[in-house]
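Structure assessment
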Amino acid sequence: MGIRSFAAELLLPAALQPRLRPPADTTPKAEAASFAALSDKLSYLGKAEIKQIREAYKFADEAHLGQFRASGEPYITHPIAVAGLVADWRLDAQAVMAALMHDAMEDCGVTKVELIERFGAPTAELVDGLTKLDKLQFSTREETQAESFRKMLLAMARDVRVILIKLADRLHNMRTMAAMAPNKRQRIARETLDIYAPIAHRLGLNQIYRELQELSFEHLNPWRYAALAKAVKRSRGYRRDIVERVHGEVEKAFATAKMKVLVYGREKTVYSIYRKMREKHAGFAQVSDIFGFRIVTGSLPDCYLALGVLHQLYKPVPGRFKDYVAIPKPNGYQSLHTTLVSPLGTAVEFQIRTDEMHAIAESGIAAHWLYKQERKGSGEAQPMGAMWLQSLLDIQDETRDSAEFLEHVKIDLVPEAVYVFTPMSKIMALPRGATAVDFAYAIHSDVGDHCVAAKVNGEPVALRTELKSGDVVEVITAPGARPNPAWLNFVRTGRARSKIRHFLKTMEQEESRGLGEKLLAQALRAEGLTLPSTDPTDSEANAVWQQLTRWSGNRGRGELLTDIGLGRKIATIVAKRLAQLMTERGARPDAVTLTLGRYGADDNTPSQGGVVIDGSEGASVQLATCCRPIPGDEIVGYLGRGEGLLVHTADCHNGKRLAERDPERWMAVEWAEQPTRPFETMVQVLVRNGKGALAQVAASVSSAEADITHIDMDNEQDPDVAELRLLVSVRDRLHLADLLRTLKRSPPVMRASRVKP
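An account of the accompanying structure is given in this report. (Residues numbered from 1 in each chain as written. Predicted model: local features only at pLDDT ≥ 70, side-chain atom pairs only at ≥ 80, totals over all residues. Heavy atoms only, no water.)

**Examining the overall build of the chain**
Just so we agree on the cut-off: Strands are runs of DSSP state E lasting at least two residues, helices are runs of H or I lasting at least four, and both sets are numbered from the N terminus onward. Relative accessibility decides the category of a residue: with a 1.4 Å probe and only protein chains considered, values under 20% of the type maximum give buried, values over 50% give exposed, and everything between is partly exposed. Using the Shrake-Rupley algorithm and a 1.4 Å probe, accessible areas are obtained, with residue cover drawn only from the displayed protein chains.
Looking only at helices and strands, one finds 29 helices and 19 strands in the chain. Here the chain holds 757 residues, and the buried ones make up 50% of them. As presented, the chain carries roughly 36,800 Å² of accessible surface, and 51% of it is formed by carbon and sulfur atoms.

Written as structure tokens, this is what we have:
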């Protein structure tokens, strides 16, 4: 007898059998072929609900009439099998009905309105959440897939039954995929392994998680799967004596201690063995813990007593004890894990848990329905699952792009986790590799947006520092701080990534809107007019803005100004149209305004007027990295398409090429009298190689009251000289000249000059 049957059949009482049900037989004979096969599983529902489900079955049967699966079976066998899996979890009648009709809208042209009329809005919403979007709406398969996932995950966040039905649907498809073409099998198996199996794990549905992984591995790597499955089967006979001996000794030890527990064996799946072999770069013979034992106790204190009994019986392996009871996994899983050395010297893992913990461990968030009649509440699975589902809605609020949404969700589906503490001793679960910034955003988005530093275990650390289990993390914030785009290079959680991107996009739009308003006002001044009022109560001005936005194709005044700031629309053209609209309504050019608009302009200066640069413009105004202008340089501005205003020096070769190609997008810009910050420029320094040369150069820069923000060194291995390229931060050209003089006086420096394109 194999270990799995040994565990499930001999060692468990009937009360626990449903929770440890082995995977259903995947042969065609085991498939549900009629409603009679399903009705046997609906005894937990009332007669009226069963009648409704029968109506849904008839509706689905008619909708799929004449359709067949790839295996040649009538298509209706698939919805019945999915509904059977849903009924095994004891979901309500609405969920079973939705399972029966889950493909009706997608494949049969049934409308949502029709489902609402026949079966009510809740059932129709479930079916709609399960329905893929029309492929004709999207340009690529990837875009279609991303949007389908986004729709399904958001529906799931509103009602978790959506994903339970979807997982049942995917599980049955994976069990019956042998008739499909090999390339389609590979694609579906990869999608299942990357998305659906991790979702099942995140929600604590461990039985489904393991089976989806196993089936995916079988279809993705059939040869490896066959070889490993054969090796496991062969080794099972060798290990039977060990299993029986350990089982007997463990039961005897608990009987001596007068503790009532359930002891049963379990065997690792082929995929988990394969993954362990890959992680440890080991062969099959080196993977020792292919089998293990579970101890189910009557109460939580008994878990720790059982641990003591086991440690007295066999010696524990140091460093292999994990307490997931005191600190549950993010999906609500709770158990004590310990690895002991068996009588024959092999390592055996034991998992100790209560009956309720076992229900959550196997069925996760589905335990709410499966055991709601047996116990009230379902432990920690509900709040843990609900927290992740809520995070999906939070990510959606900041991410409207489907592919970006799916990217964030994939990041959050990492099963490994670290457990850290707030200064108030609250436990936070984060994915492995998470940083102090991830921790800050996990607390609250405002904490993340304004964090400037962090302490781990009382010691200051860099924000990119990876956290380890047990760390006590404190975040230091400042009111004026805001997210740094560089954080996107190291954050690990989807929540942090989406919040940072949302903040940066919002900030860029606000800055671009301000720049657009400034450009339009300057361009309109050249027409002798001032911008119409933005007061919502000014009906005359509002009418002008509405006419202008209709002409430009924008949804509102803010969007139009943002487009001008980003260079998507030319301010002079918009200003001429606005002047025409205002003139039609009786406005007349003012001589003083006209003079101000044209003051200082010459034949080479575009009529948009100038923009003053003081360093506080943010993302809407960028200084070109090819020439790196600083205050004192003669500068010009290029209004790129969707890029905002790019500032070049007047003698920059790249800028001159752009001016020849796109002259109408150039405009006058000038430096403010008092810039608000230092500016970066590149300096080239030739030094004699010698001990302490770099330190002397750095000291010279510091003595000139400048800062080095980046250093590059040439790759030529000259033993006598080295060429350094320093990115330095200076106030203006006078400060740069002072810095160059100071560098030239340094003993190792042979030459120092500013780098120009």
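**Overview of the pattern of salt bridges**
Note the following rule: The working definition used for a salt bridge is a side-chain nitrogen of Lys or Arg within 4 Å of a carboxyl oxygen of Asp or Glu.
Overall, the coordinates contain 13 salt bridges when judged by the stated rule. Among the salt bridges present, the one from Lys41 reaches Asp88, with a minimum N-O distance of 3.7 Å. Of this pair, Lys41 sits in the loop between α2 (35–39) and α3 (47–63) while Asp88 sits in helix α4 (residues 77–88), and the two are 47 residues apart along the sequence. Judged by relative accessible area, which is 22%, Asp88 ranks as partly exposed. In this structure, the salt-bridge partner of Arg555 is Glu559, at a minimum N-O distance of 2.9 Å. Among the residues examined, Arg555 registers a relative accessible area of 78% and is labelled exposed. One continuous salt-bridge network, built from bridges that share partners, spans Lys112, Glu125 and Asp128.

**Side note on the sheet that holds strand β3 (residues 322–323)**
Put simply, the rule reads: At least two bridges found by DSSP between two strands is the condition for calling them paired. Should any heavy atoms of two residues lie within 4.5 Å, those residues are considered in contact. All axes are obtained by fitting lines to C-alpha atoms, using only the stretch in contact for helices, and the reported angles, taken between N-to-C directions, cover 0 to 180 degrees.
Pairing in this open sheet of five strands is mixed, and the strands run β1-β2-β5-β4-β3 from one edge to the other. At either end of the open sheet lies a strand with only one pairing partner, and these are β1 (262–267) and β3. Examined bridge by bridge, β1 and strand β2 (residues 291–297) share six bridges and lie antiparallel to one another. When the sheet's bridge partners are listed, Glu267 is paired in β2 with Phe291. Packing of helix α15 (residues 300–313) onto the sheet brings it into contact with β2, β3, β4 (336–341) and β5 (347–354), and relative to β5 it is tilted by some 160°.

**Some words on the packing of aromatic side chains**
We apply this condition: Think of it this way: a Phe, Tyr or Trp ring, Trp meaning its six-membered ring, pairs with another when their centres are within 6.5 Å, and the plane angle makes it stacked under 30 degrees, edge-to-face over 60, tilted otherwise. We count a charge as sitting over a ring when the NZ of a lysine or the CZ of an arginine lies within 6 Å of the ring centre and within 35 degrees of the ring normal.
Counting across every chain of the model gives seven aromatic pairs. Taking the centre distance of 6.0 Å and the plane angle of 70° together, the rings of Phe217 and Tyr225 count as edge-to-face. A single burial state applies to Phe217 and to Tyr225, both of which are buried. Geometrically, the ring pair formed by Phe217 and Tyr274 is stacked, given 4.5 Å between the ring centres and 25° between the ring planes. With Phe217 in helix α12 (residues 206–220) and Tyr274 in helix α14 (residues 270–280), this pair connects stretches of sequence that are 57 residues apart. Put simply, the rings of Phe217, Tyr225, Tyr271 and Tyr274 touch in pairs and so form one group of aromatic residues. Here the guanidinium or amino end of Arg557 rests over the ring plane of Trp545, the centre of that ring lying 5.6 Å away.

**Here's the deal with the sheet that holds strand β18 (residues 721–730)**
On the basis of which strands lie adjacent, the open sheet formed by four strands has the order β17-β18-β16-β19 and antiparallel pairing. Here the strands that pair on one side only, and so sit at the sheet edges, are β17 (707–713) and β19 (749–754). Direction aside, the axes of adjacent strands within the sheet are offset by 25° on average. As defined by bridge partners, strand β16 (residues 679–688) adjoins β19 across five bridges and the pair is classed as antiparallel. Its bridge partner being in β19, Val685 is matched across the sheet by Ala752. Relative to β19, helix α29 (residues 733–744) is tilted by about 170°, and along the sheet it contacts β16, β18 and β19.

**Section: the pairing of β2**
Counting buried residues along β2, seven of its seven residues qualify, which places the element largely inside the surrounding structure. By the alternation rule, side chains of β2 split into Phe291, Phe293, Ile295 and Thr297 and Gly292, Arg294 and Val296, which are all buried. Summarising the sheet, β2 and β5 pair through six bridges and their orientation is parallel. Each residue of the ladder has a partner; that of Thr297, found in β5, is Thr354.

**Some points on the pairing of β4**
Burial runs high along β4: five of the six residues are buried. In terms of strand pairing, β3 meets β4 through two bridges, oriented antiparallel. Paired with Lys322 across the two strands is His337, which belongs to β4. The pairing of β4 with β5 spans six bridges and is antiparallel. Along β5, the bridge assignment pairs Leu340 with Val348. Where β4 hands over to β5, the hairpin turn is made up of five residues, of which Gly345 adopts a positive phi near 85°.

**Digging into the environment of Ala326**
Tracing the chain through its elements places Ala326 in the loop between β3 and β4. Overall, Ala326 belongs to the partly exposed group, its relative accessible area being 48%. Between the C-alpha atoms of Ala326 and Leu336, which are ten residues apart in sequence, the distance is 9.0 Å. Not counting residues up to four positions away in its chain, the partners in contact with Ala326 are Tyr304 and Ile427.

**A few points about the packing of helix α5 (residues 93–100) against helix α8 (residues 121–130)**
To be explicit about the condition: For classification, angles of less than 35 degrees are called roughly parallel, those exceeding 145 degrees roughly antiparallel, those between 65 and 115 degrees roughly perpendicular, and all remaining angles oblique. The sense of a crossing depends on the near helix, which, turned anticlockwise from the far helix by less than a right angle, makes the crossing left-handed and, turned clockwise, makes it right-handed. In this count, Pro and Cys sit with the nonpolar residues alongside Ala, Val, Leu, Ile, Met, Phe, Trp and Tyr, while Asp, Glu, Lys and Arg are called charged and the others, Gly among them, polar.
Between α5 and α8, whose axes approach to 9 Å, the crossing angle comes to 45°. With respect to each other, α5 and α8 are oriented oblique. Like other packed secondary-structure pairs, α5 and α8 cross with a definite hand, here right-handed. On α8, the residues touching Gln94, Ala95, Met97 and Ala98 of α5 are Pro122, Thr123, Leu126, Val127 and Leu130. Grouping the constituent residues of the contact of α5 with α8 by class yields seven nonpolar, two polar and no charged.

**So, unusual backbone geometry**
In this structure, Asn457 is a non-glycine residue whose phi angle is positive, near 55°. Look at Asn457 and you get partly exposed, because its relative accessible area is 47%.

**Describing the packing of helix α11 (residues 182–202) against α12**
Relative to each other, α11 and α12 sit at 160°, their axes nearing to 9 Å. With respect to α12, the axis of α11 lies roughly antiparallel. The two elements α11 and α12 cross, and the hand of that crossing is left-handed. Contacts between α11 and α12 involve Arg185, Gln186, Ala189, Arg190, Thr192, Leu193, Tyr196, Ala197, Ala200 and His201 from the former and Asn206, Ile208, Tyr209, Leu212, Gln213, Ser216, His219 and Leu220 from the latter. For the contact of α11 with α12, the class distribution of residues is nine nonpolar, seven polar and two charged.

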